[in-house]
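# Understanding the architecture of this molecule
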Amino acid sequence: MKNSNKLFMQAKKYIPGGVNSPVRAFSSVGKNPFFIKEAKGQYLVDEDDNKYIDFIGSWGAQILGHSDKRIIKEITRVIHSGITYGAPCKNEVMLAKKITEIYPSIDKVRMVSSGTEATMSAIRLARGFTKKDKVIKFDGCYHGHGDSFLIRAGSGATTFGTPNSLGVTKANAKDTISLPYNDIKQVQKSIERNNIACIIIEPIAGNMNFIRAQKMFINKLRVLCNQNKIILIFDEVMTGLRVAKGGAQSLYNIQPDLTTLGKVLGGGLPVGAFGGRKDIMDNLAPTGGVYQAGTLSGNPVAMAAGLKTLEIISQPKYFKELSKKTKYFTSEINRVSKKHHVNISADSQGGMFGIYFTKKQVTNYNDIVNTDENKFISFFQYMLKHGIYFAPSMFEAGFISSSHTKKNIDYTIKIFERWVKEIYLSID
Ligand SMILES: *Cc1c(COP(=O)(O)O)cnc(C)c1O
């Protein structure tokens, strides 16, 4: 770790905390971060030439694996005609059309440059459309770092114990209501008492580990939103194009009014999008009164990377094979855990998974808070020492790409079993 440590010292001098996104700092797992020199397929190589099997994939974005040749070729081809125009181009139209074909709930879509922008814009649109102010979100769901969302947000905000960020005004916080995930009674009560513009939810949560919304809960949300003229927003920045091509909404068979996308959508370049019902989307400027804009939005290179990615993951067996591989991984974790009678389990959907350090079935944020952090940290460090990189926080989901091989998974399971036998049982 010599070179990484040296870089981290420097980084801390010039960048707050040495990182450009908090969870990268590794402080919650008692380590310094490694600095990446190169990423190819399912592997990362750090500045000290350590090689890791990567189970994060840039937080899910790299569904094909890193540096996919087809994406690189496409970006290289397109970039010769210009990098950004700040003016319309054909690739934007093609990607927008493609998104509406994959997502029946989306009639029209607007491109942005991050997931944060997508969710921020989506709630502004919902407020503008309904002429109401209040937003319901759920404890442990993360919707980017917009002011309205940093109320009991998952992921980094939780890992670092500052769920309510400094700098978010009281006025802002008062318009966000955060409720327990999978608890429809609380939603019902809140709707009776407040004038709600929209409900935003990760239909499969990936920022408090991996937690599924219960089918009844999602169905009831849809009904309540219809009855009370509330806009239902599915934040599928992580799950869209990842748990299934059509996102979690295709699995639950529920059409939200608005959907936010990101991560996989950009094929590794900074792309987000929000879209939905035409009558809502047409309220955006220039046709409507809700303002939203972006200098680099819809740039031809990012659009090309997105288009190519969608083309590849649209191949007939793509998701079937990715799901099968991820299921194999989680079922092996479950098999080993059962065999050794340890309180660890795993679940997955498409190319996304969760590993839980508890014997309880997890249904909400509190269940994750109450999992065994010491065991997780020990697991994380042991795996990393053996060249396997999981997210440095028990509040994050994990990701498998189409580059991961059975051999990678079998090796990971072998090391996991060794950790269970050598370490877990001795600290239990
Ligand atoms: C990652 C994520 C975001 C934020 O996206 P950024 O591109 O990091 O701004 C929003 N919502 C969900 C569900 C996410 O997973």
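Residues numbered from 1 in each chain as written. Predicted model: local features only at pLDDT ≥ 70, side-chain atom pairs only at ≥ 80, totals over all residues. Heavy atoms only, no water.

## Describing the pairing of strand 10 (residues 231-235)
Within strand 10, 5 of the 5 residues are buried, which leaves it mostly tucked inside the rest of the structure. The two faces of strand 10 match: I231, I233 and D235 on one face and L232 and F234 on the other face are all buried. With 4 bridges connecting them, strand 7 (residues 196-201) and strand 10 associate as parallel partners. From the neighbouring strand, C198 faces strand 10, where its bridge partner is I231. For the crossover from strand 10 across helix 9 (residues 247-252) to strand 11 (residues 258-261), the handedness is right-handed. (Buried < 20%, exposed > 50% of the residue type's maximum accessible area, 1.4 Å probe, protein only. Helix = DSSP H or I, 4+ residues; strand = E, 2+ residues; numbered from the N terminus. Pairing = 2+ DSSP bridges. Right-handed = clockwise from strand over helix to strand, strands pointing away.)

## Brief notes about the domain arrangement of the protein
Each domain of the protein was delimited in the assignment, giving domain 1 (2-67 + 317-426) and domain 2 (69-313). Taking only C-alpha atoms, the centre of domain 1 and the centre of domain 2 are 25 Å apart. Taking both sides of the interface into account, the surface hidden between domain 1 and domain 2 amounts to around 3,000 Å²; carbon and sulfur atoms contribute 63%. The largest contributions to the domain 1 side of the interface with domain 2 come from Q349, M352 and Y365, which together make up 21% of the buried area. The interface formed by domain 1 and domain 2 contains 1 salt bridge. The salt bridge partner of D347 is R212, with a shortest N-O separation of 2.8 Å. In this assembly, domain 1 and domain 2 are joined by 16 residue pairs in polar contact (both at pLDDT 80 or more). Every element with two or more residues in the side of domain 1 that touches domain 2 is listed here: helix 12 (318-339), strand 13 (345-349), strand 14 (352-356) and helix 13 (365-369). With 5 residues, strand 14 is the largest single contributor of residues to the side of domain 1 that touches domain 2. In terms of residue class, the side of domain 1 that touches domain 2 is made up of 20 nonpolar, 13 polar and 2 charged. (Domains from an automatic or database assignment. Buried area = accessible area lost by both parts, 1.4 Å probe. Salt bridge = Lys/Arg side-chain N within 4 Å of Asp/Glu carboxyl O. Polar contact = N/O pair within 3.5 Å; in protein donor to acceptor, adjacent residues only side chain to side chain. Nonpolar A, V, L, I, M, F, W, Y, C, P; charged D, E, K, R; others polar.)

## A look at the environment of R70
Mapping R70 onto the fold places it in helix 2 (residues 69-79). By relative accessible area, R70 is classed as partly exposed at 38%. There is a polar contact of 2.8 Å between the side chain of R70 and the side chain of D68.

## Considerations on the sheet that holds strand 15 (residues 388-389)
Pairing within the open sheet is mixed, and its 4 strands lie in the order 1-2-3-15. Edge positions in the open sheet fall to strand 1 (36-40) and strand 15, since each of these has one partner strand only. Pairing analysis gives 3 bridges linking strand 2 (residues 43-46) to strand 3 (residues 51-54), with the strands arranged antiparallel. Paired with L44 across the strands is Y52, a residue of strand 3.

## Focus: the site of the ligand
By nearness alone, every residue bordering the ligand is listed as S114, G115, T116, Y142, H143, G144, E202, N207, D235, V237, M238 and K263. A distance of 2.6 Å separates an oxygen atom of the ligand from a polar side-chain atom of T116. Calculation on the ligand without its partners gives an accessible area of 380 Å², and the protein chains cover 82% of this total. The residue makeup of the shell around the ligand, split by class, is 3 nonpolar, 6 polar and 3 charged. (Near = heavy atom within 4 Å. Areas by Shrake-Rupley, 256 points an atom, 1.4 Å probe, with all protein chains shown as cover.)

## Brief notes about the nonpolar core
Formed by 110 residues in total, the largest nonpolar core has its most connected members in F138, V187, I199 and I355. Of the residues forming this core, the biggest block, 9 residues, is contributed by helix 11 (residues 300-313). Counting the residues that make up this core, at least three belong to each of domain 1 (2-67 + 317-426) and domain 2 (69-313). With residues up to four places along the chain from it excluded, the contact list for V187 reads F138, L179, I199, F217, L221 and L224. Membership of the second largest hydrophobic core comes to 18 residues, among which are I123, F149, I233 and L284. (Core = buried A, V, L, I, M, F, W, Y, C linked by side-chain atoms within 4.5 Å. Contact = heavy atoms within 4.5 Å.)

## A word on the pairing of strand 2
As defined by bridge partners, strand 1 adjoins strand 2 across 4 bridges and the pair is classed as antiparallel. In the sheet register, I36 faces strand 2, and the bridge partner there is D46. Here strand 2 folds back onto strand 3, and the loop between the two strands holds 4 residues, one of which, D49, carries a positive phi near 65 degrees.

## Looking at empty space enclosed by the protein
Per the stated rule, a full pass over the model turns up 3 cavities of 30 Å³ or more. Its boundaries defined by the atoms lining it, the largest cavity holds a volume of some 120 Å³. At 3 residues, the largest contribution of residues to the lining of the largest cavity is made by strand 14. Here the lining of the largest cavity is built from residues that sort into 9 nonpolar, 4 polar and 1 charged. Here the second largest cavity is characterised by a volume of approximately 40 Å³. (1 Å grid on protein atoms, 1.4 Å probe; cavity = no way out; pocket = protein on both sides within 12 Å on 5 of 7 lines; lining within 4 Å. Points joined across faces, edges and corners; volume = space filled by probe spheres on them.)

## So, the pattern of salt bridges
Side chains that differ in sign of charge can pair as their charged atoms come close. Scanning the entire structure with this criterion turns up 19 salt bridges. Measuring nitrogen to oxygen at the nearest pair gives 2.9 Å for the salt bridge that ties K108 to D282. A residue pair is termed long-range when its members are at least 10 positions apart, and K108 in strand 4 (residues 108-112) and D282 in the loop between helix 10 (278-281) and helix 11 qualify at 174 residues. Overall, the relative accessible area of 34% leaves K108 in the partly exposed class. Residue D282 is classed as partly exposed on the basis of its relative accessible area of 26%. A cluster of three or more residues bridged by salt bridges with shared partners is formed by R222, D257, R277 and D279.

## Examining the packing of helix 14 (residues 373-385) against helix 15 (residues 406-427)
The contact between helix 14 and helix 15 brings their axes to 10 Å, and the two run at 135 degrees. Relative to helix 15, the element helix 14 lies oblique. Note on packing geometry: the crossing formed by helix 14 with helix 15 is right-handed. Judged by residue contacts, K375, S378, F379, Y382 and M383 of helix 14 engage T412, I415, F416, R418, W419, E422, I423, Y424 and I427 from helix 15. Here the residues of the contact of helix 14 with helix 15 sort into 9 nonpolar, 2 polar and 3 charged. (Axes fitted to C-alpha atoms, helices over the stretch in contact; angles between N-to-C directions. Parallel < 35°, antiparallel > 145°, perpendicular 65-115°, else oblique. Left-handed = near helix turned anticlockwise from the far one by under 90°.)

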